[in-house]
Amino acid sequence: MVPINLYFNFKDIFRSPRIALSGKKIWIFTTGNLIGYLFYWFISYLSLSLSGYNLSNSINKFGLYPHIFNIEASFYSIFIYSFGIIIWIFLLFIASTAVSRVTLQELNGNHLFSISDAWIFSLKHWKTSIFTPLTIIFIIITLLILGIFFTFLNSIPHAGSIIYFSLFPIIFFGSVFIIYTALVLINSLIYSPAIISSYEEDIMGTIFQSYSISWAQPWRVITYNFIILTLIIIGVEVFSWFCMSSCSLIYLIAKHSFFSGENFNNIINLSFELVFPNYIIDNILYIRSIIINTDYNYFSIIHKIFKIQESTIEQTYILDFICSILLSSFLFIILLSMISYSLSIFCVGQTLSFLIFKKLTDDDDILRRFRDEQIENDKDDFFEKSLN
């Protein structure tokens, strides 16, 4: 198990798609996405029910992708729906910490670090993952309340204006600090998984590291994130092309097989209609057309290949319906894996960025420190076994 030697500059960022293309990392994000989606799906239909919408009609209308946008919903429904989204995001933060820890171990050559070990580490530090950005938000809100208090002083007759403008330099620097802290909040959302997995920091330590990165490496943060986003677009484009082309190849082979018939077509059509309904395909193509200016839309081509004829549940036999549910489950996992690969590239890229930042600013080689700690642990285990 040979560790990967880093250049500790922008060249390392270009390794992100390759390092992220790992079944271990993609599966961690897929698991987090799937659990988060199940929470979201249940809570979304609960919020629709609280707004007076019939559950069966809602399921027939929204299927796998429920939402409350462009419909009349009560305040309680919006609050509960938002709660489902927040749970999903929190689970992604925890999964990001696990993937970042796996990345550090693999960079050190430890490919035996398992998925369960990564989840155990991440769940051990879940409070830091979740409460770090919340603490920074609390700091911003507190400073805003102080700003409102100073503004309230201006309403005091006669002396209020003198007090307010006498304190104007303090108010100005406070406003600058609020804007700076808002930028730190963004950086904490990006780099907290890497900070936690590298230093096992608590909440205050992670906040300090976020402030340090924002102050010491602002241009590298901007440049590296631009590179990472570009790599995500390219990586997901290639990965999704392989996934969708593989699905179309399976269908074309089975379609011309002697054993396939009308039932096979019904199963395929119903499964793709459940996982890739027309409005989902349209939204994917719209977002893709904004990001990538190209006329080659293989998502629409694949959809046309599979959608030979309209299939409904009423037209499908029970056995075929069960088969379509199984196929839909696998197709949905494939869709989640595409999303998970993009998140994996992002997480690996930010982990590599953090390693570079700490090496350049503090001359701290985190990977070397990891190797030294592992050697010490191996020595302790050896002496412990010898004494026993």
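No experiment lies behind these values; they were computed from the predicted model shown.

Draft legend 1. Geometry of the overall build of the protein. A tally of regular secondary structure across the protein gives 15 helices and zero strands. Taking all 388 residues of the protein together, 42% fall into the buried category. Put simply, of all contacts in the protein between residues at least 6 apart along the chain, 80% involve residues at least 24 apart. Accessible surface for the protein amounts to roughly 21,800 Å². Of this, 71% is attributable to carbon and sulfur atoms.

Draft legend 2. Region of interest: the packing of helix α4 (residues 75–107) against helix α5 (residues 115–124). Relative to each other, α4 and α5 sit at 125°, their axes nearing to 8 Å. Accordingly, the angle class assigned to the pair α4 and α5 is oblique. Of the two possible hands of crossing, α4 and α5 adopt the one that is right-handed. Contacts from I94, A95, T97, A98, R101 and V102 of α4 reach α5 at A118, W119, F121, S122 and L123. For the contact of α4 with α5, a count of residues per class yields eight nonpolar, two polar and one charged.

Draft legend 3. Main features of the side chain of T97. Within the element layout of this structure, T97 appears in helix α4. Apart from the residues lying within four places of it in its own chain, the contact partners of T97 are F121, S122, S129, P193, I196 and S197.

Draft legend 4. Seen up close, the environment of W215. By secondary structure assignment, the location of W215 is in helix α9 (residues 203–216). A relative accessible area of 69% places W215 in the exposed class. Distance in space between the C-alpha atoms of W215 and V184 is 8.9 Å, their sequence separation being 31 residues.

Draft legend 5. Region of the structure containing helix α6 (residues 126–153). For α6, which comprises 28 residues, the first-to-last C-alpha distance of 41 Å matches the rise-based estimate of 40 Å (1.5 Å per residue) to within 8%. In α6, a bend of some 30° at T132 exceeds every other bend along the element, and P133, a proline, comes one to four places later. Every buried residue of α6 is accounted for by T128, S129, I130, T132, P133, I136, I140 and L153. Here the buried face of α6 lies against α4, α7 (159–166), α8 (168–199) and α9.

Draft legend 6. Geometry of unusual backbone geometry. With phi around 60°, F8 is a residue other than glycine that occupies positive phi space. Its identity as a non-glycine residue notwithstanding, D363 has a phi of 55°, on the positive side. Judged by its relative accessible area of 56%, D363 is exposed.

Draft legend 7. View of the packing of aromatic side chains. Going through the model one piece at a time under the given rule, you end up with 21 aromatic pairs. Above the plane of the ring of F121 lies R101, whose end atom (NZ or CZ) is 4.1 Å from the centre.

Draft legend 8. Highlighting the pattern of salt bridges. As enumerated under the stated definition, the model contains five salt bridges in all. Its salt-bridge partner being E106, residue K25 comes within 2.4 Å of it at the nearest N-O pair. Of this pair, K25 sits in helix α2 (residues 23–50) while E106 sits in helix α4, and the two are 81 residues apart along the sequence. Taking relative accessible area as the criterion, E106 reaches 11% and is therefore assigned buried. In this structure, D363 and K359 form a salt bridge, with 3.2 Å as the shortest nitrogen-oxygen distance.

Draft legend 9. Structural detail: the packing of α6 against α8. At their nearest, the axes of α6 and α8 sit 9 Å apart, and the two run at 175° to each other. Considering the angle they form, α6 stands roughly antiparallel to α8. Counted together, T128, S129, T132, P133, I136, I137, I139, I140, L143, L144 and F150 of α6 and I171, F177, I178, T181, A182, V184, L185, S188, L189, S192 and I196 of α8 form the full contact between these two elements. A class-by-class count of the residues in the contact of α6 with α8 yields 16 nonpolar, six polar and no charged.

Draft legend 10. Summary view of a nonpolar patch on the surface. On the surface, I233, I234, V238, W241, F242, Y286, I287, I290 and I291 cluster together to form a nonpolar patch covering roughly 910 Å² of accessible area. For the nonpolar patch, the secondary-structure elements that each account for two or more residues are α10 (218–255) and α12 (278–291). It is α10 that provides the largest number of residues to the nonpolar patch, a total of five residues.

Draft legend 11. Layout of the nonpolar core. In this structure, L6, I13, L107, Y191, I213, L352 and L355 are the most contacted members of the largest nonpolar core, which totals 34 residues. Residue assignment for this core shows that the elements contributing at least two residues are α1 (16–20), α4, α8, α10, α14 (318–362) and α15 (366–387). Each residue touching L6, except ones within four places of it in the same chain, is listed here: D12, R15, L107, L352, L355 and L367. The next biggest cluster of nonpolar side chains, apart from the first, holds 15 residues, and it includes Y37, F272, F332 and L335.

Each value, and the rule that gives it
All residue numbers here refer to positions counted from 1 along the written sequence of the relevant chain. Residues qualify for local features only when their pLDDT is at least 70, as the model is predicted, and side-chain atom pairs are given and counted only at 80 or more; totals for whole chains, interfaces and linings, by contrast, use all residues. Heavy atoms from the whole structure form the basis of all side-chain values; hydrogens and water molecules are not counted. Helix numbers and strand numbers start at the N terminus; a helix is a DSSP run of H or I with at least 4 residues, a strand a run of E with at least 2. Buried means the residue's accessible area, taken with a 1.4 Å probe over protein chains only, is under 20% of the maximum for its type, while exposed means over 50%, and partly exposed covers the values in between. Contacts are assigned to residue pairs that have any heavy atoms within 4.5 Å of one another. In this description, accessible areas are obtained by the Shrake-Rupley approach with a 1.4 Å probe, and a residue is regarded as covered only by the protein chains that are shown. To obtain an axis, a line is fitted to C-alpha atoms, over the contacting stretch when the element is a helix, and the angle between two such axes runs from 0 to 180 degrees between their N-to-C directions. Small angles under 35 degrees read as roughly parallel and large ones over 145 as roughly antiparallel, with 65 to 115 read as roughly perpendicular and the rest as oblique. Crossing chirality is assigned from the near helix's rotation relative to the far helix, an anticlockwise turn below a right angle marking it left-handed and a clockwise turn marking it right-handed. Classes in brief: Ala, Val, Leu, Ile, Met, Phe, Trp, Tyr, Cys and Pro nonpolar; Asp, Glu, Lys and Arg charged; the others, Gly included, polar. The span one expects for a helix is its residue count, reduced by one, times 1.5 Å. The angle separating two fitted axes, one through the seven residues that finish at a residue and one through the seven that start at it, defines the bend at that residue. Side-chain rings of Phe, Tyr and Trp (the six-membered ring for Trp) are treated as a pair once their centres are within 6.5 Å; stacked means planes under 30 degrees apart, edge-to-face means over 60, and tilted covers the remaining angles. Over a ring means this: the NZ of a Lys or the CZ of an Arg is within 6 Å of the ring centre and within 35 degrees of the ring normal. For salt bridges, the criterion is a side-chain nitrogen of Lys or Arg within 4 Å of an Asp or Glu carboxyl oxygen. Here a patch means residues that are over 30% exposed by relative accessible area and free of salt bridges, tied together within 9 Å if like-charged and within 5 Å if nonpolar (Val, Leu, Ile, Met, Phe, Trp, Tyr). Take the buried Ala, Val, Leu, Ile, Met, Phe, Trp, Tyr and Cys residues and link them wherever side-chain atoms come within 4.5 Å; each set so joined is a nonpolar core.

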